[in-house]
Structure formats: C-alpha cells, structure tokens
Amino acid sequence: MVMLSPAVTAHNLTAWFLLDPDATGRDYAVLEGAIAAQLAVLHETSQVNQLLIENLGDIDLFIQAGDIVKGGKQDRTIGTDFIVPARSGRVPLPAYCVEHARWSPRRAEPVSHFSESKHALASKKARLALLMERDQGKVWESVGDEQRLLHGALSQDVRSAESPSSLELTYEQEHVRMAVDDYFPALDQAVAGAGDAVVGVVWAINGRLSHADRYGNAQLFAKLWRKLQRAAATEALGERRRRHPQGASDDTTMPLPTDAAIRRWLGAEAPAPSEGPEAWRTHEEAQLPPRTRLRTERARQGYRFSAYDTAVEAAGVAGADDAEVDAAGVAHEEVHGVVHVAVVAG
C-alpha cells in the first residue's frame, strides 16, 4: 500500500511524498541523463510537432510528457510519456514548440539535434494544453501566461533578449533560477528524510492540490526528482502574488488538505457519496509504437494520465497463473508495466 509522508512546505509550495517499499517496477534511463551521457540523440526533423528519438544505450529510456529539449531550430516540449527501447534506432516522438519566434540556429547550439533537457513545463495550464487539448496554439498561450506570471512575481522581465519567446531561456534567467532555487533546501531535506522508498510526490500550491506524479520504482523517481521539483517550484513562484494580493507575509499559515482528502483525490480511496471527488472514468486509450500504452481518465477533481510499458505488461501476464489473471482482471494489468501516473487538478 502506498503511504504519504508528512507534509513539507517551502513558501507557498507544499509536498507530500508517496512511499512504497514494495515497488518493483523496471528501472529506466531518463532523457536529461541520457542526452548528457550521449546515450540518446533527439534529432531535429524540421517538423514542429514531430522529432526523432534514438536510444544508443543498453537501457530502456523513459521520456516524460512536458520535458523541454533545448536546441534544434526551436526549443520543444515532449508531447507524451514514451518508452524507447535500448538500441532503438530512430523513432518518431510527438512534440510541441515552446519558442515560437525562432527557426534557425542559436549561438553555437547544434541545429540538427537537441543539446539538453534540464527543465519541464511548469504550469498546470501548459500540461493540460499538451495532454488534453493537444493544441500548439494553447501551448504557446500557456508559455506567454507563465512568463507574465513570473514577471509579476519578480517585478522583472523574465524573457531573454536573445529569444524572448523561449520558455527554456526564461527558466535559465539568473533571477528566475535564484528564486526557484530558494524553494529547494526544505524540499531536499524532506525527501532525503523520507528514505529510499519514495516513488512519487503530490504538490499543493497556495494550499490547493495542483498535481502529482507516481513512478514504478524509487530509482526512477530519484532520477527525475530535480526536474519535478524545479517545475513545481517555478509554478509556485508564479502563483505567489495570487496568494498575497495585499502583500501578506510568506509565513502566513495555509490550510492544507488532509491525508484522506489527498488519497481520495489520487483515487487511492473511494469517496463517500456525499464527498466531492468521484471515481475516475476512462476518457481515452492509445498505443504508441514501439512499446507505450497510454490511458487518460477524467473525474470531477481533474485528470489522470497513466503510461505503461507494453513489453513489461506482456511479460507480466505471461508469467502469471490463470487464477491470478482471472481474479485480478484490470487490477492485475495495473500491477504489470505501469511506468508513470500523473494526476492534474481540474
């Protein structure tokens, strides 16, 4: 059973860590580390909404929706969770532009491929534009909104003079980076204190549940923690003025949701008929070759996005006895192959 750690709050951002000492999902390389180690190449295609990913390593690669990749003819964000097998060759990968004003080399960056992936989309609006609306115009709109919120929070322009439309370069601005980094000490101390069974995190901003990510094992979470933390802190930074319209102190106590409310929001506990959250309903399922299955679910409280590795699913079903498959049904399917589950508040 997944447990919740005690809450930890940094400014207007609160985290609860998801703990599962029994999680045994397969481990994967991640995009940031694979590109840095030259074990993955993300190729520019001159098509805004499709890139080519090539896994050169001996370990399967997990790419998370919202990962931002820097370089090419314009910075992009990855449009879906995606599993890339080891030694994959070039595989098509959905993407969206997060730098609409450039279509040429920048500085000495390579134009044929992407040089790094240190950030992910921060705002809830951007994530839903990507995963639910799948609309390039909505993604661009969310980039502009995020830049405006950060500008308001810092009372400084956050756009880069070199490429004002680049969300990546906004995140790299020194005054943005320093303000985001200020959230890290309390969160880093808390995740270290939670031990080696952390498989995910739930975030609240200004006391309201925002989003959550859960992974198949603690190793994968650990590889992604800094990127998850940076994205959540960036979103919270942009929302700080909404918390303090009258200039109230950042130390003002925020009422937080209870553990039971969080578990109901995640879907780990069924809500009572009189309570707000409701059961998740499947909205869409999709297969993305070579090895990704996606499920999108909706409920009154928001959206849930699950990604499965079909090779692990197949191996799990083949290795189970008939009684286990018959008795568990869909629940058995959830055990085998789940790589990532994201919940975003509606």
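Residues numbered from 1 in each chain as written. Predicted model: local features only at pLDDT ≥ 70, side-chain atom pairs only at ≥ 80, totals over all residues. Heavy atoms only, no water.

Engineer: Hey, could you run me through the environment of H211 in this one?
Structural biologist: Its place among the elements puts H211 in strand β14 (residues 208-215). Looking at H211, the relative accessible area reads 5%, which means it is buried. Remark: the alpha-carbon pair of H211 and K124, spanning 87 residues in sequence, is separated by 7.7 Å. Filtering out sequence-adjacent residues up to four positions away, H211 remains in contact with R127, V201, V202, W203, A232, E235, W265, V343 and V344. Among the polar contacts made by the side chain of H211, one reaches the side chain of R127 at a distance of 3.1 Å. (Helix = DSSP H or I, 4+ residues; strand = E, 2+ residues; numbered from the N terminus. Buried < 20%, exposed > 50% of the residue type's maximum accessible area, 1.4 Å probe, protein only. Contact = heavy atoms within 4.5 Å. Polar contact = N/O pair within 3.5 Å; in protein donor to acceptor, adjacent residues only side chain to side chain.)

Engineer: Is there a simple way to explain the packing of helix α6 (residues 184-193) against helix α7 (residues 218-238) in this structure?
Structural biologist: To describe two helices that pack against each other, one gives the angle between their axes and the distance between the axes. Close contact between α6 and α7 brings their axes to 11 Å; oriented N to C, the two are set at 150°. As far as their axial angle goes, α7 and α6 are roughly antiparallel. The two elements α6 and α7 cross, and the hand of that crossing is right-handed. Residues F184, L187, D188 and V191 of α6 form the contact with α7, whose participating residues are F221, W225, R226, Q229, R230 and A233. A class-by-class count of the residues in the contact of α6 with α7 yields six nonpolar, one polar and three charged. (Axes fitted to C-alpha atoms, helices over the stretch in contact; angles between N-to-C directions. Parallel < 35°, antiparallel > 145°, perpendicular 65-115°, else oblique. Left-handed = near helix turned anticlockwise from the far one by under 90°. Nonpolar A, V, L, I, M, F, W, Y, C, P; charged D, E, K, R; others polar.)

Engineer: Please explain the packing of aromatic side chains as it appears in this structure.
Structural biologist: The geometry of an aromatic ring pair comes down to the distance between the two centres and the angle between the two planes. Counted under the stated rule, the structure contains six aromatic pairs. When the centroid spacing of 6.0 Å and the interplanar angle of 5° are considered together, the rings of W203 and W225 count as stacked. In this pair, W203 is assigned in strand β13 (residues 198-205) and W225 in helix α7, connecting sequence segments 22 residues apart. Across this residue pair, the class does not change: W203 and W225 are buried. Taken together, the ring pairs in this structure connect F17, F62, W203, Y215, F221 and W225 into an aromatic cluster. Cation over ring: R293 sits above Y308, and NZ or CZ is 4.0 Å from the ring centre. (Phe/Tyr/Trp six-rings, centres within 6.5 Å; stacked < 30°, edge-to-face > 60°. Lys NZ or Arg CZ within 6 Å of the ring centre and 35° of its normal.)

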